[in-house]
Amino acid sequence: MARAATYLRSVYSLFSIQFALEFGKKKFQGLCEDCTARKTKELLKHRYAIWITLECAAHDFEAYGPGGASGAGALLQEPVAAAAPPMKAPPPPLPPTITYIIQEENTPVNCHSSDIDQTGDIDGRATDVALGWSVALGSPFTFATTLEQEYKSDIFGERGILLGAVHGIVESLFRRYTENGMDEDLAYKNTVESITGIISRTISTKGMLSVYESFSEEGKKEFQTAYSASYYPCMDILYECYEDVACGSEIRSVVLAGRRFYEKDGLPAFPMGKIDQTRMWKVGERVRATRPEGDLGPLHPFTAGVYMALMMAQIEVLRKKGHSYSEIINESVIESVDSLNPFMHARGVSFMVDNCSTTARLGSRKWAPRFDYILTQQALVSVDKNAPINQDLLSNFFSDPVHGAIQVCAELRPTVDISVPQDADFVRPELRQPSD
């Protein structure tokens, strides 16, 4: 731990976050229009600084003006990116947390796992240095990956169950429950609170099968109905999303969206809008205001069926695309139930989404409506038509080897949970409580 912390302090003494941002601004200007192999190789020479630069720039590139730091996306699309520097240990997806703690408290901590890539180890120290970064950042888990696999799974995952998809399904289910006569407060509890509370906690500590086993026989039938109806509609969107990420289209859309943050071509600016101002999220404010401390919400079988169908569909897409189990579980389970859902539990969907990178925030806004739409138009319609349950899907769910892998991760899980109080002051300034 001491050596790891020394690595971190030495790097930050040379490349502070502010310096890295300025460095990134200068280096990335023009790259979006002319991302050549020569320029990319030049960037890759800055081994220990480049990834901080990339990550920070990706989080806040809108601050640079039109075209600023969009080279972060372009770099990932370059074939030369396969010639990665000796190590990669990305910061967690909540940069304001890390920025605040390092700059103000000088105590590196983390609420998120890290992935390391030691491609091109030129001096035999890459693994030690990468692990040092991970430990110093406070990561409870460290997974080996490659640059290509990491950016594909990461950008895809945040549009899937980590942010976009979970937003879409709770919107869809809240409407369904209230339209069928459920009280608004109860509908919120049975959607958001159920997923971010008891379902997430159970999956994190005991696995998905334990969620299913917690239901009565009637509850299990309701779960099966929801799971069977939702699995393939979720996979439909996830499959499309993964391929958009893999071919570079998704990053291009992020770069273009960043340019639309500012007036150009005689058209007005279109920055990101708010996503927690509808009736559902106002109900959520009321629910949280009266929620007993430590309350994890009700365990709703239909909600669990939809959510776990989404989770299993994402696992299957990543598996078929050649990702390792550690990366699959990290991007489909751990980051969801341990790192991000607690933020929505604390203060709603914007608090979760908008504490993440610009790339994630834009992607979540783009893909959440797709999941909402397909569940409403296909999955829920199938349920209302009393379509037969797909028994093969259920059999595959119960026997999937991923459950064993998740169990191993559960055994390695830290004994403490992420702490996200409602008055947290380590978040983006615009998301702080008015009293802050």
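Note that the structure is predicted; figures quoted are calculated from it, not measured.

Considerations on the overall build of the protein
Secondary structure summary: the protein contains 20 helices and two strands in total. Counting only residues that meet the buried cut, the protein has 57% of its 436 residues in that class. For the protein, contacts bridging at least 24 residues in sequence account for 84% of all contacts bridging at least 6.

Concerning the pattern of salt bridges
Per the stated rule, a full pass over the model turns up 20 salt bridges. With its nearest N and O atoms 2.8 Å apart, the salt bridge here joins Arg 279 to Glu 184. Residue Arg 279 is found in helix H14 (residues 279-289), and its partner Glu 184 is found in helix H10 (residues 184-206); the two are separated by 95 residues along the sequence. We classify Arg 279 as partly exposed; its relative accessible area is 48%. In this structure, Asp 354 and Arg 361 form a salt bridge, with 2.9 Å as the shortest nitrogen-oxygen distance. We classify Asp 354 as buried; its relative accessible area is 4%. Put simply, Glu 158, Arg 159, Glu 250 and Lys 366 are held in one network by salt bridges that share partners.

Describing helix H12 (residues 217-246)
The first and last C-alpha atoms of H12 sit 42 Å apart over 30 residues, in line with the 44 Å expected at 1.5 Å per residue. Largest kink in H12: about 35°, centred on Ser 230, with the proline Pro 233 one to four residues after it. Within two residues after H12, Gly 248 carries a phi angle of roughly 95°, on the positive side.

Let's talk about the packing of aromatic side chains
Scanning all chains against the criterion turns up 12 aromatic pairs. Pairing Tyr 188 with Trp 281 gives two aromatic rings, centres 5.9 Å apart and planes at 85°, and the pair type is edge-to-face. With Tyr 188 in helix H10 and Trp 281 in helix H14, this pair connects stretches of sequence that are 93 residues apart. Measuring from ring centre to ring centre gives 5.3 Å for Phe 397 and Phe 398, while their planes differ by 55°; the resulting arrangement is tilted. The buried category is assigned to Phe 397, whose relative accessible area is 1%. Judged by relative accessible area, which is 34%, Phe 398 ranks as partly exposed. One aromatic cluster in this structure is built from Tyr 212, Phe 215, Phe 223, Tyr 227, Tyr 231, Tyr 232, Phe 397 and Phe 398.

Quick look at the environment of Ala 313
Counting through the fold element by element, Ala 313 comes out in helix H15 (residues 301-320). Residue Ala 313 is classed as buried on the basis of its relative accessible area, which comes to 0%. Taking the C-alpha atoms as reference, Ala 313 lies 9.7 Å from Ile 161; in sequence the two are 152 residues apart. Residues contacting Ala 313, with those up to four places away along its chain left out, are Tyr 231, Cys 234, Met 235 and Leu 238.

A short note on the nonpolar core
Ile 203, Met 208, Tyr 227, Tyr 307, Met 308, Met 311 and Met 352 are the most contacted members of the largest nonpolar core, which has 87 residues in total. When residues of this core are assigned to their parent elements, the largest contribution, 13 residues, is made by H15. Those residues within four positions of Met 208 in sequence are excluded, and the remaining contacts are Ile 203, Met 308, Met 311, Met 312, Ile 315, Phe 397, His 403 and Ile 406.

Thoughts on unusual backbone geometry
Even without being glycine, Asp 265 reaches a positive phi, approximately 55°. Residue placement: Asp 265 occurs in the loop between helix H13 (249-259) and H14. Unlike most non-glycine residues, Asn 386 shows phi in positive territory, near 55°. Tracing the sequence through the fold places Asn 386 in the loop between helix H18 (358-384) and helix H19 (391-399).

Let's talk about helix H9 (residues 164-179)
Its 16 residues give H9 an end-to-end C-alpha distance of 23 Å, which sits within 8% of 22 Å, the value for a rise of 1.5 Å per residue. Buried residues dominate H9, accounting for 13 of its 16 residues. Following H9 by one or two positions, Gly 181 has its phi on the positive side, about 100°.

A few points about the environment of Ser 253
Of note, Ser 253 is situated in helix H13. Considered as a pair, Ser 253 and Gly 363 are 110 residues apart in the sequence and their alpha carbons are 8.9 Å apart.

Brief notes about the confidence of the model for the protein
Per-residue confidence for the protein gives a mean pLDDT of 76, with 67% of residues at or over 70. Here residues 1-111 is a poorly scored stretch, pLDDT under 50, and it has 196 contacts once near neighbours within four places are set aside; other chains count.

Description of the packing of H9 against H18
For the pair H9 and H18, interaxial distance at closest approach is 7 Å and the crossing angle is 45°. If you check the angle between H9 and H18, you find them oblique. Crossing angle aside, the handedness with which H9 passes H18 is right-handed. Along the contact surface, H9 presents Gly 164, Ala 165, His 167, Gly 168, Ile 169, Glu 171, Ser 172, Arg 175 and Arg 176, while H18 presents Ser 364, Ala 368, Phe 371, Asp 372, Leu 375, Thr 376, Leu 380, Val 383 and Asp 384. In terms of residue class, the contact of H9 with H18 is made up of seven nonpolar, six polar and five charged.

Digging into the side chain of Asn 341
Positionally, Asn 341 belongs in helix H16 (residues 325-347). Residues in contact with Asn 341, not counting those within four places in the same chain, are Ile 195, Thr 196, Ser 200, Tyr 307, Ser 336 and Met 352.

Focus on the packing of H12 against H19
Direction vectors running N to C along H12 and H19 enclose 100°, while the axes themselves pass 9 Å from each other. As far as their axial angle goes, H19 and H12 are roughly perpendicular. Side by side, H12 and H19 meet where Phe 223, Gln 224, Tyr 227, Ser 228, Tyr 231 and Tyr 232 of the first sit next to Leu 393, Leu 394 and Phe 397 of the second. Grouping the amino acids of the contact of H12 with H19 by side-chain chemistry returns seven nonpolar, two polar and no charged.

Rules behind the numbers
Residues numbered from 1 in each chain as written. Predicted model: local features only at pLDDT ≥ 70, side-chain atom pairs only at ≥ 80, totals over all residues. Heavy atoms only, no water. Helix = DSSP H or I, 4+ residues; strand = E, 2+ residues; numbered from the N terminus. Buried < 20%, exposed > 50% of the residue type's maximum accessible area, 1.4 Å probe, protein only. Contact = heavy atoms within 4.5 Å. Salt bridge = Lys/Arg side-chain N within 4 Å of Asp/Glu carboxyl O. Expected span 1.5 Å × (residues − 1). Bend = angle between axes of the 7 residues up to and from the residue. Phe/Tyr/Trp six-rings, centres within 6.5 Å; stacked < 30°, edge-to-face > 60°. Core = buried A, V, L, I, M, F, W, Y, C linked by side-chain atoms within 4.5 Å. pLDDT = per-residue confidence, 0-100. Axes fitted to C-alpha atoms, helices over the stretch in contact; angles between N-to-C directions. Parallel < 35°, antiparallel > 145°, perpendicular 65-115°, else oblique. Left-handed = near helix turned anticlockwise from the far one by under 90°. Nonpolar A, V, L, I, M, F, W, Y, C, P; charged D, E, K, R; others polar.

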